Amino acid sequence: MKKITAFLAVGAAVFALSGCGSGYDNGYDDGYNDGFYDGTRVPVDNMTTLFIRDINGFSAGGVHYTCVDPEGYVTDDYVTAPNGEFTFYPGERCTFDLYGFGGTPDDPLFIEDDTGFGKGDIPYACDGGDGGLTYPDGGFEYFPNDICTFYL
């Protein structure tokens, strides 16, 4: 009887855990769970990597962005990595969906390099009407839940 009980317990454990470890899990909720937006863009030669962070230095991970080349062709759709990282080819324009962000001045965001240095003078435009150039600290103006395009 003990062998049957042990066998059933092991079988139940295997069944319960069979869903674990299979499939893709990017470790954060990117808001796009349809399988198309399932990760971050992997940098390759000639690409540039920057980061989106908030006023406290925390990353803005899971933000959907789409990059378009100078001819207007979509190069890729991705989400920022958990550390706020996004990657693009110089000359692309990348559009970020800032849904869930409170806008400035309540929820300022910054574009920075890997050393935390702000990237100023990046041209941008937001659907809410803000735009111009990023400030020397990498900050930019936007409205709550705005969609902003940066000309990188």
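What counts, and at which threshold
Residues numbered from 1 in each chain as written. Predicted model: local features only at pLDDT ≥ 70, side-chain atom pairs only at ≥ 80, totals over all residues. Heavy atoms only, no water. pLDDT = per-residue confidence, 0-100. Helix = DSSP H or I, 4+ residues; strand = E, 2+ residues; numbered from the N terminus. Contact = heavy atoms within 4.5 Å. Polar contact = N/O pair within 3.5 Å; in protein donor to acceptor, adjacent residues only side chain to side chain.

A separate point is the confidence of the model for the chain. Residues at a pLDDT of 70 or more form 71% of the chain, whose mean pLDDT is 79. Summarising per-element confidence for the chain, the mean pLDDT is lowest in helix α1 (residues 2-17) (44) and highest in strand β7 (residues 123-126) (97).

Looking at where Asp-107 falls in the secondary structure, it is placed in the loop between β5 (93-97) and β6 (109-112). Distance from Asp-107 to Pro-144, taken between C-alpha atoms, is 8.5 Å for residues 37 residues apart in sequence. The contacts of Asp-107, once residues within four sequence positions are left out, are Phe-101, Gly-102 and Tyr-142. Reaching out from Asp-107, the side chain makes a polar contact with the backbone nitrogen of Gly-102 at a distance of 2.9 Å.

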